[in-house]
Amino acid sequence: MASLPAHLANAPSDLPPNACPLPRTGQLAGLLTSIRDKNTNRGDFIFYSDRIIRLLVEEGLNHLPVVEKTVTTPTGLEYKGVGFEGKICGVSIMRAGESMEAGLRECCRAVRIGKILIQRDEETAQAKLFYAKLPDDIANRYCLLLDPMLATGGSAIKAIEVLIDHGVPQERIIFLNLVSCPEGLQAMYDVYPQVKIVTAWVDEKLNEQKYIVPGLGDFGDRYFTSN
Ligand code: URA
């Protein structure tokens, strides 16, 4: 296995227990390097982001339960394996989270997908819910919450509050994200310690403008806006 430069080799060791960073492989570090590069054009940004999203979705699905299941193979033998249990749905935090919907659909063909729009209230500076369209039976599903960047955690915390108000228990929510930071992870753990956070990379910190450092700028702009 190719070894990484020391400064990239390990995620911070003091992360909250609900944080599940992806293993730091050469491929993952290379994909992240590509999307951080300001000279990466939009087509490549989408291509490399989508590869990371696919890894996140697969890892997120690993947190779902399986049950024993026996099948008969074409050779006529019985195979004692496992089957997937529990219905799932995706919920994207608009707009950037919508970039992750296709990756979820690639793994779960007929998955139901809901959307939540949260914006900062200019008067109170708090995250405010503007719109939510969720599957009717969301309370009976595991929920993969999608947002590529975890900065302060304000939007994700508000989105989880909405899911809980719709009957989804914390333990059935898995938050998938590409780049996080210790401040956002801690803020989420403080409020919702049972929500698992599958993150591709934990960056160093937030800056004064609440951007992730080193980060990659505004993910939604880079994914959805032509340059
Ligand atoms: N959202 C982004 O797109 N980038 C950041 O660095 C923080 C939040």
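Structure report, in brief. Within each chain, residues carry numbers counting from 1 in the order of the written sequence. Predicted model: local features are reported for residues with pLDDT of at least 70 only, side-chain atom pairs are reported and counted for 80 or more only, and whole-chain, interface and lining totals are derived from all residues. Heavy atoms throughout the structure, all of them, feed into the side-chain values; hydrogens and water do not.

## Digging into a nonpolar patch on the surface
Note the cut-off: Without a salt bridge and with relative accessible area above 30%, a residue can belong to a patch; like charges are then joined within 9 Å and nonpolar side chains (Val, Leu, Ile, Met, Phe, Trp, Tyr) within 5 Å. Under the convention used here, a 1.4 Å probe and the Shrake-Rupley method define accessible areas, while residue burial counts only the protein chains that appear. Should a side-chain nitrogen of Lys or Arg be within 4 Å of a carboxyl oxygen of Asp or Glu, the pair is scored as a salt bridge. For the purposes of this entry, the term helix denotes a DSSP run of H or I that reaches at least four residues, the term strand denotes a run of E that reaches at least two, and both are numbered from the N terminus. Three exposure classes are used, based on accessible area relative to the maximum for each residue type with a 1.4 Å probe and protein chains only: buried under 20%, partly exposed in between, and exposed over 50%.
A cluster of nonpolar side chains, Val66, Val82 and Phe84, forms an exposed patch at the surface whose accessible area comes to about 370 Å². By secondary structure assignment, the location of Val66 is in strand 2 (residues 66–72). By relative accessible area, Val66 is classed as partly exposed at 46%.

## Some thoughts on the layout of surface pockets
Heads up, the condition is: The rule is simple: put a 1 Å grid over the protein atoms alone, call a set of points where a 1.4 Å probe fits but cannot get out a cavity, call an open set with protein on both sides within 12 Å along at least five of seven lines a pocket, and count a residue as lining if it has an atom within 4 Å of a point. Grid points are joined across faces, edges and corners, and a volume is the space filled by probe spheres set on the points. In this classification, Asp, Glu, Lys and Arg are treated as charged, Ala, Val, Leu, Ile, Met, Phe, Trp, Tyr, Cys and Pro as nonpolar, and every other residue, Gly included, as polar.
Estimates place the volume of the largest pocket at around 1000 Å³. Around the largest pocket sit 32 residues that line it, and Asp147, Met149, Ala151, Thr152 and Ser155 are the ones nearest its centre. The element contributing the most residues to the lining of the largest pocket is helix 5 (residues 154–165), with six residues. Each residue belonging to the lining of the largest pocket can be placed in one class, and the counts come to 15 nonpolar, ten polar and seven charged. If you add up the space inside the second largest pocket, you get close to 310 Å³.

## Topic: the nonpolar core
Generally speaking, a soluble globular protein has its nonpolar side chains buried in company with each other. What counts is decided by this rule: Each nonpolar core is a collection of buried residues, namely Ala, Val, Leu, Ile, Met, Phe, Trp, Tyr and Cys, held together in the definition by side-chain atoms within 4.5 Å. Contacts were defined at the residue level, with two residues in contact if any of their heavy atoms lie within 4.5 Å.
With 38 residues, the main nonpolar core has Leu32, Ile52, Leu56, Leu178 and Phe219 as its most contacted residues. Broken down by secondary-structure element, the contributors of at least two residues to this core are helix 2 (26–36), helix 3 (42–61), strand 7 (141–146), strand 8 (173–180), strand 9 (196–202) and helix 7 (219–224). Considering each element in turn, this core owes the most residues, seven residues, to helix 3. Excluding its chain neighbours within four sequence positions, the residues that come into contact with Phe219 are Phe45, Ser49, Ala96, Ser99, Pro148, Met149 and Leu178. Formed by 27 residues, the second largest nonpolar core is a distinct cluster that contains Ile116, Leu145, Phe175 and Val202.

## Focus: the environment of Pro65
Looking at the element boundaries, Pro65 is found in the loop between helix 3 and strand 2. Among the residues examined, Pro65 registers a relative accessible area of 26% and is labelled partly exposed. The spatial distance from the C-alpha of Pro65 to the C-alpha of Gly86 is 7.4 Å, given a sequence separation of 21 residues. Each residue touching Pro65, except ones within four places of it in the same chain, is listed here: Phe84, Glu85 and Tyr142.

Note that every value here comes from positions in space, so none of it alone points to a role or purpose.
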